[in-house]
Amino acid sequence: MGLPPPAPLLLGLLLLQGVLRPLWGDLVFIPAFIRMTSPAASASLVGRTEDVTVTLALLQDKEGLLPVPACGVLTNETGEWSLTVTPSVNALDVTVRLKRGLQRCFSNETDSFSESPCIVQTLLVSASRNSSCLAHLLIRVEIYANSSLAHNASENVTVIPSQVYQPLGPCPCNLTANACDVRCCCDQECSSDLTELFREACFTGVFGGDVNPQFDQLCSVQEPYRTPGWFPFLCVQSSLANSPFLGYFYDGSVSSRQHIAFEVHLHTDYRDFSDFGYKQGDPVMTLDKAYLTIPQVSLAGQCMQDAPVAFLQNFDVLCATNLEVYQEQDIINVKIKNGAVGGIVQPKVIYEEAADPDKFITSTEILFRNESTSRNVNVEEHYIFRWNNNTISEINVKIIRAEINAHQKGIMTQRFTVKFLSYNSDNEEEFSGNPGYQLGKPVRALNTNKMNNVTTLYLWQSAGRGLCTSATFKPILFGENALSGCLLEVGIHENCTRLRENAVELLDSLIQATHVAMRGNSDYNDPSDGWLEIIRVDAPDTVDPSVGANGSCMDIPTQLHIRILISDAGAVEGITQQEILGVQTRFSSVNWQFHCGLTCEDKADLLPVSASVQFIKIPAQVPRPLSRFQINFTEYDCNRNEVCWPQLLYPLTRYYQGEPYSQCVAKGLLLVSFFILAAFLSNPWTRTCRA
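Remember, predicted model here, so these are calculated numbers, not experimental data.

Criteria and cut-off values
- Residues numbered from 1 in each chain as written.
- Predicted model: local features only at pLDDT ≥ 70, side-chain atom pairs only at ≥ 80, totals over all residues.
- Heavy atoms only, no water.
- Helix = DSSP H or I, 4+ residues; strand = E, 2+ residues; numbered from the N terminus.
- Buried < 20%, exposed > 50% of the residue type's maximum accessible area, 1.4 Å probe, protein only.
- Contact = heavy atoms within 4.5 Å.
- Areas by Shrake-Rupley, 256 points an atom, 1.4 Å probe, with all protein chains shown as cover.
- Pairing = 2+ DSSP bridges.
- Axes fitted to C-alpha atoms, helices over the stretch in contact; angles between N-to-C directions.
- Core = buried A, V, L, I, M, F, W, Y, C linked by side-chain atoms within 4.5 Å.
- Patch = residues over 30% accessible without salt bridge, like charges linked within 9 Å, V, L, I, M, F, W, Y side chains within 5 Å.
- Salt bridge = Lys/Arg side-chain N within 4 Å of Asp/Glu carboxyl O.
- Lys, Arg positive; Asp, Glu negative; His and termini not counted.
- Charge placed at Lys NZ, Arg CZ, Asp CG, Glu CD.

Draft legend 1. Quick peek at the overall build of the protein. Counting its secondary structure elements, the protein contains seven helices and 29 strands. Taking all 691 residues of the protein together, 37% fall into the buried category. Within the protein, counting contacts between residues at least 6 apart in sequence, those at least 24 apart form 64% of the total. Of the accessible surface of the protein, which amounts to about 41,700 Å², a share of 53% is contributed by carbon and sulfur atoms.

Structural data, given as structure tokens:
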């Protein structure tokens, strides 16, 4: 259903007004327009939110026209709608919610699935300061009748099978709730008329609903086309329910955030192999057979309170915590398995007082009461694990506390660091591998021209508005491709020569080293101990006027490409060792043009500057050449054809992953013995023995 004529006009004005305002620090709603189809909707108000009043109004369109927004007559309680404002880091979270239920949408049971919405309204959320309107959020409410929102659960409850024994969801392409997904023919929310529109273009494979595909090597599967009857000579006898996708979904419970980080108990059985030693990436276990958890940041940027600590994997994260839900954690009495049978290690905890607690807490608010009480909060937690081979020998924890008022409100930024050090390491200076690099460890670097403490290569870690002036550095980790960037402020009358110099200087600040370590344990005091010189490709020189015409400059270096060649260099105790063979840096240039918008104002424009790192693995030796048989008989290639010689005896080869390889070899030897016994008991051998 389309919007009425005045709504798109107001939407366009709001979007035009708020496209660039967050970059200057002005107030703006993100998003500026919401099409609301559920009883609640949320948005963020970013910018300078001090002393800002957020209000809600119900707009009544008269003869197709919406009234002019006015902040003076708005109220937070508008009929059946309520407005909730929650402070967060440098923003306000605004939530509009329908206070009443949707029973009026279902007065007649036969109208539960009407094609027209039962609630059609237009809401306007405004942010003002001193009765001056600063930002607006337009919400178009179109709520349709849906039995799942209003009808209470009856005795006909849908039974959801245990996902432990289910290969995948019944319809992986069903991504949108209560709506039909185009080309998803297994979506039960699509009517037959809609499905006919895209039936010829349905998604195929597992994503399209074929969640239990038949395995090619099963004995019960019909032989593929153009495959001879003798192939494969051996097959796998298994039930069709034994899908290779079994176990993709995990049936467990997520512990509540009120549990302390070290004593998280999930309602499931953990696979604990810590008694036989830890391997890199294994979760650290406690004596109660639970994971040792410390808050960490996910790939989506959210702070996970119950993230397990992985063995030999360091991290340094910042998490925002609401003081109202913060709870003190007791980690003194926690006992952790050290990796040996019956071995236990207990953390040694020391406390320090924060010098400046205000830099950790923002948006503070104190509710003064008669009693004056205080409490301690942990603003920083630093964990140092001492490891020896595959065991943990010692754990040292330093907690930095801050004393605040017991009724203080706001957002507290906590820092959590975990570092694994060798048991014989005298200081916190740690190798990135021994001898080869470990995945996820910083790339070691050295600057032979300056007496500074440059030890690695860096990328940007943007914060706030994403400006380069406020961006911090993060190390380049071995084996992890990454891309980072920041925004450089440029004026309309910028000197092009100075702009190029500033851009090059900004990009060079990431690579202040001259050499990188070939191995993870190269000695900083010995330049001949496997140190490789960085190959630098300088930015091209451009001769043009110092001031660009009409706010434009040619060939501005804005991208830094870092390519690192790595390879396998052998193995130590069966573990593959990787080393760096070379590092090259190269610039890419763009033509910059000042963006004026409606009018060219004397304000700074934003120029994106980025840096990328790519690890390229090359073979340590020349690949084995193809045999004459492999060159001439390409139809037996396993990657391109149904028939291939390596899979002739499939259950006895390493292609078969259904059982341990040792068991497959044992079964193969048993099968060979049966053939030999049958050969000896056959008629020709019997006649020979009689003769």
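On we go from here.
Draft legend 2. Representation of the sheet that holds strand β2 (residues 33-36). Spatial ordering of the open sheet is given by β2-β9-β8-β4, a layout of four strands whose pairing is mixed. Two strands lie at the open edges of the sheet, namely β2 and β4 (53-59), each paired on one side alone. The mean inter-strand angle of the sheet, taken between neighbouring strand axes irrespective of direction, is 25 degrees. Judged from the seven bridges that link them, β4 and strand β8 (residues 119-129) form a sheet pairing that is antiparallel. The residue of β8 that forms the bridge with Thr55 is Ser126.

Draft legend 3. Quick look at the nonpolar core. One finds Trp460 and Ile580 to be the most contacted residues of the largest nonpolar core, which totals 46 residues. Apart from residues no more than four positions distant in its own chain, Ile580 is found in contact with Tyr437, Val443, Phe478, Val516, Ala517, Met518, Leu532, Ile564, Leu565 and Ile566. Listed in part, the 26 residues of the second largest apolar core include Val284, Ile294, Tyr383 and Val397.

Draft legend 4. How the structure looks around a negative patch on the surface. A grouping of Glu501, Glu505, Asp508, Asp538 and Asp541 is seen on the molecular surface, where their side chains present a negatively charged patch. Checked against the element boundaries, Asp538 lands in the loop between β26 (535-537) and β27 (552-572). Given the relative accessible area of 63%, Asp538 is considered exposed.

Draft legend 5. Representation of the pairing of strand β19 (residues 408-422) within the structure. The element β19 is largely enclosed, with a buried count of 11 among its 15 residues. Direction of pairing for strand β12 (residues 315-322) relative to β19: antiparallel, over a ladder of eight bridges. Residue pairing in the sheet places Thr321 in a bridge with Met412 of β19.

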